[in-house]
Protein chains: 2
Amino acid sequence: MDELKLAESIIKEREIIDAAAGKIPADIVFRNAAFVNVFTQEMETADIAVKNGIFCGIGSYEGEKEIDASGKILLPGFVDAHLHLESTLLTPQEFVRAVLPHGTTTVVADPHEIANVMGTDGIRYMLQATEGLPVDVRFMISSCVPATMEDEAGAHLTWWETTPFYKNRRVLGLAEMMDYYGVVDGDDDILRKIRMAMENGRNVDGHAPGLTGKPLNAYIAAGVSTDHECYALEEAIEKLRRGMFILIREGTAAHNLEALMPLLKTRYADRCMFCTDDKHPNDILERGHIDNIIKAAIAEGARPGVVIKAASLNPARHYHIAHQGAIAPGYEADIVVIDSFESFHIEQVYKKGNLVFDGEVASVPEPVIEPTLIARSHDTFHLRTVTADDFRHSGSLPVIGLVSREIISSNEGMAETIDTDRDILKIAMAERHKNTGHIGLGFIKGYGLKFGAVATSIAHDAHNIIVVGTNEEDMAAAVNRVAEIKGGITVIDKGEVVAELPLEIAGLMTEKPIGVVNETLEAAKEAAHRLGVSYDIDPFMTLSFMSLTVIPTLRITTHGVYDTESQSYLTT
Amino acid sequence: MDELKLAESIIKEREIIDAAAGKIPADIVFRNAAFVNVFTQEMETADIAVKNGIFCGIGSYEGEKEIDASGKILLPGFVDAHLHLESTLLTPQEFVRAVLPHGTTTVVADPHEIANVMGTDGIRYMLQATEGLPVDVRFMISSCVPATMEDEAGAHLTWWETTPFYKNRRVLGLAEMMDYYGVVDGDDDILRKIRMAMENGRNVDGHAPGLTGKPLNAYIAAGVSTDHECYALEEAIEKLRRGMFILIREGTAAHNLEALMPLLKTRYADRCMFCTDDKHPNDILERGHIDNIIKAAIAEGARPGVVIKAASLNPARHYHIAHQGAIAPGYEADIVVIDSFESFHIEQVYKKGNLVFDGEVASVPEPVIEPTLIARSHDTFHLRTVTADDFRHSGSLPVIGLVSREIISSNEGMAETIDTDRDILKIAMAERHKNTGHIGLGFIKGYGLKFGAVATSIAHDAHNIIVVGTNEEDMAAAVNRVAEIKGGITVIDKGEVVAELPLEIAGLMTEKPIGVVNETLEAAKEAAHRLGVSYDIDPFMTLSFMSLTVIPTLRITTHGVYDTESQSYLTT
């Protein structure tokens, strides 16, 4: 530690101690405040004193600023234990503006999407883009880039590339280890990634839906300590008994609270936390964030003390986020002020003693990002201009069948031509990272488009350009347009842009505020629906998952249609 | 991490994963084993499989060695969360032999006593003397050396001397911060010691008997996270509510379980652990170690799952002892096999999968200690030969009054001469570290000695030579004898050694086995009693505390009799 910084920190520390001892006034005192004590899971009422951004004392205090907290309840700030910031389509700065009103003061982020586009530069971009924000953004380093061998991603992260990030104190470990077969099979790169996280005193997050019995033991024995993919109570209890922490997830697509609710009514709650994983802009605007899970859990009958602890101290302790997660001396003064547990109206939010939400979100500082990283993040499309001929084919191609309200797909045989009457549309995936010129072609059934084409650069997990069209000309125009605007979502008809959402940062995120993003996105969805996309389908999210080769049955890749059951490409 | 070590660790890891997955047999399988699951605090029954010293799986397994565990209960190894190894008078190697039969597999040690004698070399000695032992000895770095400004210790440890030890992975933090006034007053060296521990991701242990209210808030706000000095339940609950972990202590002198027992019957138990602090040889032999606390707590009605968790997972998590404290995949296979909770007979103990106790303690490896450190540890007495004249005085001296069965003392006025009829004996403290020639003189009342002199080099916390005598000739002989045998306890009559216990390592510990140490010590006590020391006094431990200037009222130092109330020396 730098000598001068040490000396300065000691001066600040001495002030905190003096304020705690009552020798000098605190900066802020919440008078007569009811608060949740997460150590005992009980309610207490006292003056809560803050000095230099730290809780210094609980008791009877005087402060420069005194706030009458009678009738209010103070909670420690909420922690989202696992999320992908990119899923919000927002910059981290804008994400912060969106979640502070919901009491989220710390998040544990996996920059998996941008890492698939920009590799370690993507992780560095996110680290810089989150530095000094009033939501404390911590990171787990993406473990599976690319997600599978079928992905033509922008990067391939090895153990010797993930390891140096542990020098950064905001990096808490290795992110969700999705390749559980790789772990159980003892893949060398995976085991080294895990080992180096543990050698650096860090955690390894899991992602193992349905894993049970001996393979689960193997996965845990390898060092994986959490899971956020439990859909059934029995599954969660087995994982918890074997030592895992269970992250109860309420995201836009995945809703696990209802099934896992019983955990919060037993001792098992001490091994639980909350996460959102993937939350879209409209979902944050309409339903909120971690507060939404807390409210639902309390409404379902869990004790507030238990629920608040799962949203604060549990993740802070597990992830070794020092001095967060409680209202107690020495802890960072992250505070959520609510009116009552019943209405759960968040009136104020403090981060390190600063009032950051009071009906309005306070000004959020602009993070400083290296110019070369900014330039690189805005220049991630490397593909030549495509033409309609690039999307033509001879003979027949496999047909991917959409399954209503699911992300799985079905195998619908082969087709020879686009036929909008039978809802047979052409789907393609254009490689866009390294100008390989690879374009995979196939057909898709069940999407409903009658005119034009729809394209998006959000295509899990490699984020190439996925396009569905009623004709090859519009497909080419859509792909070229996505590249032209440096990424995003576009809806094309007769060669013209009907609606679009530019995602100029790595093709995944935009600088625009959440309200604008949401309106633009909703308008684009409506435009797609007007061109024929069924109203029971999300026109873009559905496409984004059509490339995820770990989900059955057929998927589109840059090499064509892949059958996840036979683990092979279907050719004509 | 060294490349070759990494490669080897991956090979070992892959074997663990393969055994967990059932692809290869485990090394050991405990068949049909009932065990305490500390995550759920429930009992489970299953096969428990161990590979390469690590629990690989819980379920149904086959192993190279299979042990029928029907009817037995398996517990995770016990952790002593705070102790001073030196208090046992044993080498760490011999300490291990003494506590393995009691199921202790990990201890968190504060090498405070030897650090007062040898400074950082004392800490290095203990680190080396504990390397590779079948009890995992972790360290907190002594924070208060010397304990007070009145102590003429062998060393003065500053923040820049304590900090480098955090490079050692067995060092878990800064040891008990006894100088709580120093913390509350913002002492610069203390705050830097604390800051550097926290900067290195380590914990800071507390020691704050009776501290409450604002000073307690200040002490905790500074970063102190545990306390093992709670004598009353109310005190423990206040500390726990403010965020401290409570170490419930059962040592030779201090017995806190009875008062703190209610903690183990509530949710507060999650913030509790166990420690022995100071345990003498006869106490270990007669009553055991952490197992003694567990047995008593269960007998008093606490749930076994709760108690075992307090003895295992709670300290392992708090002190960041990775992969210890539970029977679960990936955890070190530290196992205590008992017959039942009622009789709690420990039949076997395993450390990292090795059987280390099975009625007999297995061979304990000899640690390798640098020759220079061994030489230094056996050469810590630096004082000239003393004569009877060194202990004579003119005029009057203060009289320290012993208080039966307490370590406090009373002020008994002044005296001019030794008077065995009135039980006025002479007491002296001879500096022995740096040959300063300082000898402090006074009188003591209530000790009972009628003939000869008693001296010991265990004199808290600076460990100079303390001597009580009926005449100055025997006092000189006793001090010279202690120096001659390189430290220890001696009983002298008419210039001759009547009984003695050499403590040749730093004047604090001996190489001899616990049985011999205990017999020799008990014989020496008996010899002291035969010379007149009251039977309701421990002849040596009582003297050892007469130099501790933080305990009221009068104390002997190398400068004379010190009054802890007026904080000044009493002079004639």
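The structure reproduced in this document is the subject of the present report. (Residues numbered from 1 in each chain as written. Chains lettered and ligands numbered in written order. Predicted model: local features only at pLDDT ≥ 70, side-chain atom pairs only at ≥ 80, totals over all residues. Heavy atoms only, no water.)

### Some words on the overall build of chain A
Filter applied, for reference: Going along the chain from the N terminus, every DSSP run of H or I of four or more residues is numbered as a helix, and every run of E of two or more is numbered as a strand. In this treatment the radius of gyration is a C-alpha quantity, and the globule benchmark scales as 2.2 Å times the residue count to the 0.38 power. For every residue, the accessible area (1.4 Å probe, protein chains only) is compared with the maximum for its type, and the residue is labelled buried under 20%, exposed over 50%, or partly exposed between those bounds. Contacts between residues were defined by any pair of non-hydrogen atoms, one from each residue, lying within 4.5 Å.
Regarding its fold elements, chain A presents 18 helices and 27 strands. A compact globule built from 572 residues should have a C-alpha radius of gyration of about 25 Å, and chain A, at 25 Å, falls within 12% of that. Based on the C-alpha atoms only, the size of chain A along its principal axes is roughly 85 × 50 × 50 Å. Expressed as a percentage of its 572 residues, the buried residues of chain A come to 66%. For chain A, the proportion of contacts with a sequence separation of at least 24, taken over those separated by at least 6, is 67%.

### A word on the packing of aromatic side chains
Aromatic rings in a pair are described by how distant their centres are and how their planes are angled relative to each other. The test is simple: Put simply, two rings from Phe, Tyr or Trp (the six-membered ring, in Trp's case) pair if the centres are within 6.5 Å, and we call them stacked under 30 degrees between planes, edge-to-face over 60, tilted for the rest.
Under the criterion given, the structure shown has 14 aromatic pairs over all chains. Ring centres of Phe30 of chain A and Tyr350 of chain A lie 5.1 Å apart, and the angle between their planes is 90 degrees; this geometry places the pair in the edge-to-face category. Here Phe30 of chain A, found in strand E1 (residues 26-37), pairs with Tyr350 of chain A, found in strand E15 (residues 346-351); they are 320 residues apart in sequence, far enough to count as distant. Summarising the burial analysis for this pair, Phe30 of chain A and Tyr350 of chain A share the class buried. Relative to Tyr331 of chain B, the ring of Phe39 of chain B has its centre 5.9 Å away and its plane inclined at 65 degrees; by these criteria the two rings are edge-to-face. Within this pair, whereas Phe39 of chain B is found in the loop between strand E1 (26-37) and strand E2 (42-51), its partner Tyr331 of chain B is found in the loop between helix H14 (313-318) and strand E14 (335-338), the two being separated by 292 residues in sequence. Summarising the burial analysis for this pair, Phe39 of chain B and Tyr331 of chain B share the class buried.

### Quick look at helix H16 (residues 472-484) of chain A
Since one α-helical turn is 3.6 residues long, residues separated by three or four positions face the same way. Residues and elements named next belong to chain A. To keep things clear, this is the line we draw: The span you would expect from a helix comes to 1.5 Å times its residue count less one. For the purposes of these results, a polar contact is taken to be a pair of N or O atoms within 3.5 Å, where, inside protein, one atom must be able to donate a hydrogen and its partner to accept one; residues adjacent in sequence count only when each atom of the pair is a side-chain atom.
Over its 13 residues, H16 extends 18 Å from the first C-alpha to the last, a length consistent with the 18 Å expected when each residue adds 1.5 Å. Among the residues making up H16, those that are buried are Glu472, Asp474, Met475, Ala476, Ala478, Val479 and Val482. In this fold, the buried residues of H16 make contact with strand E19 (424-430), strand E21 (453-456), strand E22 (465-469) and strand E23 (488-493). Here H16 starts with a cap whose side-chain oxygen sits 3.2 Å from the backbone nitrogen of Glu473, and that cap is Asn471. Positive backbone phi, at 65 degrees, marks Lys486, one or two positions downstream of H16.

### Digging into the pairing of strand E24 (residues 496-502) of chain A
Residue and element names in this part refer to chain A. This is how the line gets drawn: In this analysis, strands are considered paired if DSSP registers two or more bridges between them.
Relative to E24, E23 is paired through six bridges, and the arrangement is antiparallel. Bridged to Gly488 within E24 is Pro502. Taking the residues that link successive antiparallel strands as the turn, the E23-E24 hairpin has two residues, and the phi of Lys494 there is positive, at about 55 degrees.

### Some thoughts on the interface of chain B and chain A
We count it as follows: We define buried area as the total accessible area lost by two parts upon association, computed with a 1.4 Å probe and summed across both. The salt bridge definition used is simple: a Lys or Arg side-chain nitrogen within 4 Å of an Asp or Glu carboxyl oxygen. Residue classes follow a fixed rule: Ala, Val, Leu, Ile, Met, Phe, Trp, Tyr, Cys and Pro count as nonpolar, while Asp, Glu, Lys and Arg count as charged, and any other residue, Gly among them, counts as polar.
Contacts between the two partners involve 67 residues from chain B and, on the opposite side, 67 residues from chain A. Together chain B and chain A conceal approximately 5700 Å² of surface at their shared face, both sides included; 52% is due to carbon and sulfur atoms. Taken together, the links from chain B to chain A amount to 12 salt bridges. Here Lys23 of chain A ties to Asp185 of chain B by a salt bridge, and the two come within 3.4 Å at their closest N and O atoms. Inspection of the chain B/chain A interface yields 30 residue pairs in polar contact (both at pLDDT 80 or more). Here the side of chain B that touches chain A takes 11 residues from helix H1 (residues 3-20) of chain B, the largest share from any one element. Across the side of chain B that touches chain A, the residue classes tally to 31 nonpolar, 14 polar and 22 charged.

### Some details on the side chain of His463 of chain B
Residues and elements named next belong to chain B. Checked against the element boundaries, His463 lands in the loop between strand E21 (453-456) and strand E22 (465-469). Within the structure, His463 has its side chain in polar contact with the side chain of Glu113 (distance 2.6 Å). Setting aside anything within four residues of it in sequence, one finds His463 in contact with Glu113, Asn116, Val117, Arg432, His433, Ser457, Ile458 and Leu508.

### A word on the relation of the copies chain B and chain A
Note that the two copies of the chain are related through a rotation about an axis and a translation along the same axis. For clarity, the cut-off: The copies were overlaid by least squares, fitting only the C-alpha atoms of residues that reach a pLDDT of 70 or more in each copy.
Rotating chain B by 180 degrees and translating it 0.0 Å along the rotation axis places it on chain A, where the RMSD comes to 0.1 Å. The symmetry that links the two subunits is that of a two-fold axis. Comparing interface residues between copies, 100% of those in chain B also lie at the interface in chain A; the contact surface is shared.

### Brief notes about the state of the cysteines
Residue and element names in this part refer to chain B. This is how it is decided: In this description, a disulfide is simply a cysteine sulfur pair whose atoms lie within 2.5 Å.
If you walk through the whole model with that rule in mind, you get zero disulfides over all chains. Here Cys144 stays unpaired: no disulfide links it, and the sulfur of Cys275, its closest cysteine neighbor, is 16 Å away. Accessibility expressed as a relative area gives 7% for Cys144, which makes it buried.

### Some remarks on the sheet that holds strand E12 (residues 245-249) of chain A
All names here are of chain A. Defined as follows: The convention used is that axes are lines fitted to C-alpha atoms, helices contributing only their stretch in contact, and that angles between N-to-C directions extend from 0 to 180 degrees.
One open sheet holds the three strands; their spatial order is E11-E12-E13, and the pairing between them is parallel. In this open sheet, the two strands that pair with only one neighbour each are strand E11 (226-227) and strand E13 (272-275). Relative to E13, E12 runs parallel, the two being bridged by four bridges. Looking at E13, one finds that Ile248 is bridged to Phe274. Across the face of the sheet, helix H12 (residues 290-299) comes into contact with E12 and E13 while running at roughly 130 degrees to E13.

### Regarding the pattern of salt bridges
Residues and elements named next belong to chain A. Summed over the entire model, instances satisfying the criterion amount to 76 salt bridges over all chains. Ionic pairing is found between Glu94 and Arg97, a salt bridge with its closest N-O pair at 2.8 Å. Placement of both Glu94 and Arg97 in helix H2 (residues 92-99) is noted, with a separation of three residues, approximately one turn of the helix. Owing to a relative accessible area of 6%, Glu94 belongs among the buried residues under this scheme. For Arg97, a relative accessible area of 33% translates into the label partly exposed. Within the structure, one salt-bridge network assembled from shared partners comprises Asp389, Arg392, Lys426, Glu472 and Glu473.

Everything listed is a geometric property; what it means functionally is a separate question.
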